Structures are given as structure tokens and as C-alpha cells.
Amino acid sequence: MLIKYYQPVVEYLDAQFELYLQEELKIKRSLGDYQDSRIHVCFYFISPTGHSLKSLDLLTLKNIDRRVNIIPLIAKADSLSKSDLQRFKGNIMRELASHGIQIYQFPVDDETSAQVSTPVNGLLPFAVVGGMEEVKVGKRMVRGRHYPWGVLQVENESHCDFVKLRDLLLSTNMEDLKDQTHVQHYECYRRSRLQKLGFNDTGRNNQPVSFQEMYEAKRQEFQAQCQREEEELKHMFMQRVKEKELTFKDAEKELQDKFEHLKRIQQEEILKLEEERRKLEEQIIDFYRMRAASDPPQTPACTNVKKDKDRKK
């Protein structure tokens, strides 16, 4: 799914808002010394396809436009001709408008700023070209890219919009970007976050309530919920203890029955062995009786031997 590509960006932007919100909700705040890590501008680079935005571009822009000031840029704008570039810019702005994607518009609140910002807003999205090398043009060195047909100068306004973008960001609109972040994007996040926590400016019958009253009501509701969950956990624990006791009793009865069965088997085996021993003893007695009955008498042999001795004398 495409969500895995832009979700880390969304989570990071929300994480910076959450850090600021936690600092703001502290009892002892130090916003003056707080290192503000909120993102005030996002340069969204668009591939110079010359046709339209990709589905991933639209999804990403739709999910971050309410979290950060977006300034769309056409990367590697030198790959398009001037006519194709203007046509591509028009296609992009029409697509953004049709999908309801909000991008940063340079302020036109007063006459002075309107004179500067109105023509610049017409340049959106800015066409930029990057280059780290210094190339010689005439008698001076400029930053740009050298091509067989000539030199493209990064800081030449007729070649790309880099200079206008740099001046507007660093010279005239830095504070406005910060204000937009705080007043629009952060307030949107703060309102959504507090509503998810159950805080509202009005109570029942649309009557206004103070933050303290809402906090106390939420605290009592939370305590009641904790108590209910505690009772449920206790009930579940006692139920499991009873189930375990029944299981142990059944196992104990099964072991006792098995022991009695083995004990009966042992007694039967002992009785069998006693019976076999008795029979064996009777067989031994009978054997000796039969042997004694089958042996010849020894006395006549002794008498004949004595008579032979007397004759020799």
C-alpha cells in the first residue's frame, strides 16, 4: 500500500506538534526557551514528467497539507522547454485545486505585500535547478551547469525560479511561514488532539464550560473507568483462580485414582507371587519325598563287609 511511503512523514510532523503541545500544557511553561522543532515549510519536489502528478504525490500532499506549509517545486526544470514547463505548471495547479490540496500562498494582505506576492504566486510551482559547480560565463564565475549548447545559471531569474524562492523565504516570508504554522496548522492539530481527549468548549445544552470543569469531569470519569476496569480484572482473576482450583482438584483426583489402581495391581501381584512361592515350596517338599523314597537301604551292605573281614582273620 502507498500509505507506507508517506506515513513516516505524517508521523514526524505530528510528533513535533505533540512535543510543543506537551510543553504548552505544562503547569510551569518555558515556551520562550523552548526549542521549537515544528516544521514551518515543506519543499515538495515534483518529477519533471511534463504531464501530471503521480498518485503517490497526490496522496502525500493530501495527507500533509493541513500539517505543514507546502511549496511545490519542479525539480530538474532544465529538462523541460519553457513552453512545456508553463503547461506543466498549469496542469499541476489544476490538479491540486481539483483534489482540494492546500499549498502555501504568499500573503497579499496589504498593498505592499500584494505587489510582491501576487506575481510570485503565479509562478507556483517554482521551477528550480540545482548545481554545485562554478562555471565561467564571460569574465565571471557563476554557479550552474555546463551543457554543449551553453551554461544554465542557477541564480539567473530567466533560467529558473531559484532566486525568487530564496528571497521570498529568507527575506520577506520567514515570519509569515512561522505564523501560518502556529495559527493554522498547529491550532488544527491542537483542536483535534484535545477533542480526541474529550475536551470541548461547550457542555450539555451547548452551555460554555471552563477548562477546569471539563478537566474535573474527565478526571472523575477516568477514575470511575479505572475502578470499573479494576473490578472487572478482580472478577476475571477470581474466576481464573476458581477454574485453576477445579483443574487442580480434577488432576489430584485423577492422580489419586491412578495411585489406587496401581496399588491394587501391586497387591494382586504380591498375592500371585506368594501363591507361586507356596506352590514352589510344596513342589520342593514333594521332590525330596520322592527322592527319599527312591534311595536303596545302606545297612545290609555294611554287614557283608564286616563278615568278610572276620573270615580273613
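Please refer to the structure placed before this passage.
This report concerns the structure included in the present document.

Cut-offs used in this document
- Residues numbered from 1 in each chain as written.
- Predicted model: local features only at pLDDT ≥ 70, side-chain atom pairs only at ≥ 80, totals over all residues.
- Heavy atoms only, no water.
- Helix = DSSP H or I, 4+ residues; strand = E, 2+ residues; numbered from the N terminus.
- Buried < 20%, exposed > 50% of the residue type's maximum accessible area, 1.4 Å probe, protein only.
- Contact = heavy atoms within 4.5 Å.
- Areas by Shrake-Rupley, 256 points an atom, 1.4 Å probe, with all protein chains shown as cover.
- Salt bridge = Lys/Arg side-chain N within 4 Å of Asp/Glu carboxyl O.
- Core = buried A, V, L, I, M, F, W, Y, C linked by side-chain atoms within 4.5 Å.
- Phe/Tyr/Trp six-rings, centres within 6.5 Å; stacked < 30°, edge-to-face > 60°.
- Lys NZ or Arg CZ within 6 Å of the ring centre and 35° of its normal.
- Axes fitted to C-alpha atoms, helices over the stretch in contact; angles between N-to-C directions.
- Parallel < 35°, antiparallel > 145°, perpendicular 65-115°, else oblique.
- Nonpolar A, V, L, I, M, F, W, Y, C, P; charged D, E, K, R; others polar.
- Arc of directions from axis to C-beta.
- Polar contact = N/O pair within 3.5 Å; in protein donor to acceptor, adjacent residues only side chain to side chain.
- Pairing = 2+ DSSP bridges.

1. What about the overall build of the protein chain?
The number of helices and strands found in the protein chain is eight helices and six strands. Starting at the N terminus, the α and β elements of the protein chain follow one another as α-β-α-β-α-α-β-β-β-β-α-α-α-α. Out of the 313 residues belonging to the protein chain, those deemed buried represent 26%. Taking as baseline every contact in the protein chain between residues at least 6 positions apart, the subset at least 24 positions apart corresponds to 60%. Per element, the accessible surface of the protein chain, about 23,500 Å² overall, is 54% carbon and sulfur.

2. So, the pattern of salt bridges
Tallying each qualifying case throughout the model produces 18 salt bridges. Note that Arg190 is salt-bridged to Glu24, the shortest N-O span being 3.6 Å. Here the residue Arg190 occupies a position in helix α6 (residues 174–196), and Glu24 occupies one in helix α1 (residues 3–24), the gap between them amounting to 166 residues. When its relative accessible area of 29% is taken as the criterion, Arg190 is described as partly exposed. The class of Glu24 is buried, set by a relative accessible area of 16%. Shared partners join several salt bridges into a network, and the residues in it are Glu24, Glu187 and Arg190.

3. With respect to the nonpolar core
Ile71, Phe106 and Phe126 are the most contacted members of the largest nonpolar core, which has 37 residues in total. With sequence-adjacent residues up to four places away left out, Ile71 is seen in contact with Val41, Cys42, Phe43, Tyr44, Tyr104, Phe106, Leu124, Phe126, Leu165 and Leu169. Phe17, Leu21, Tyr186 and Tyr189 belong to the second-largest nonpolar core, a separate cluster that totals five residues.

4. Side note on the packing of aromatic side chains
Under the criterion given, the structure shown has seven aromatic pairs. Ring centres 5.1 Å apart and planes at 80° place the aromatic pair Tyr104 and Phe106 in the edge-to-face group. Among the residues examined, Tyr104 registers a relative accessible area of 4% and is labelled buried. On the accessibility criterion, Phe106 (1% relative accessible area) is buried. Here the basic side chain of Arg38 rests over the ring of Tyr20, its NZ or CZ set 3.7 Å away from the ring centre. Here the basic side chain of Arg38 rests over the ring of Tyr186, its NZ or CZ set 5.1 Å away from the ring centre.

5. Here we look at the packing of α1 against α6
Viewed as axis vectors pointing N to C, α1 and α6 meet at an angle of 80°, and their least axial separation amounts to 10 Å. One element, α1, and the other, α6, form an angle in the roughly perpendicular class. Side by side, α1 and α6 meet where Asp14, Phe17, Glu18, Tyr20, Leu21 and Glu24 of the first sit next to Thr181, His182, His185, Tyr186, Tyr189, Arg190 and Arg193 of the second. Residue composition of the contact of α1 with α6, grouped by class: five nonpolar, three polar and five charged.

6. Some thoughts on helix α4 (residues 111–121)
Every buried residue belonging to α4 is among Ser113, Ala114, Ser117, Val120 and Asn121, and all of these are buried. Seen along its axis, α4 keeps its buried residues to an arc of 145°; they face one direction. Turned more than 90 degrees off the buried face of α4, the exposed positions are Glu111, Thr112 and Gln115. As for α4, its buried residues are in contact with β3 (126–127) and α5 (162–172).

7. Re the environment of Asp176
Take Asp176: it is sitting in helix α6. Relative accessible area serves as the criterion here: at 17%, Asp176 is assigned to the buried category. Among all residues touching Asp176, those that are not within four sequence positions of it are Tyr104 and Pro107. Polar side-chain contacts of Asp176 include one of 2.4 Å to the side chain of Tyr104.

8. Focus: the sheet that holds strand β6 (residues 150–153)
The strand order across the open sheet formed by three strands is β4-β5-β6, and the pairing between neighbours is antiparallel. Looking at the sheet topology across the chains shown, the edges are occupied by β4 (134–137) and β6. The average angle at which neighbouring strand axes cross in this sheet is 70°, direction not considered. Here strand β5 (residues 140–147) runs beside β6; their pairing, made up of four bridges, is antiparallel. Along β6, the bridge assignment pairs Gly144 with Gln153.

9. Focus on unusual backbone geometry
The omega torsion of the bond from Leu124 to Pro125 falls at -10°, within 30 degrees of zero and hence cis. The phi dihedral of Lys76 is positive, around 50°, even though this residue is not glycine. Within the element layout of this structure, Lys76 appears in the loop between β2 (70–74) and α3 (82–98).

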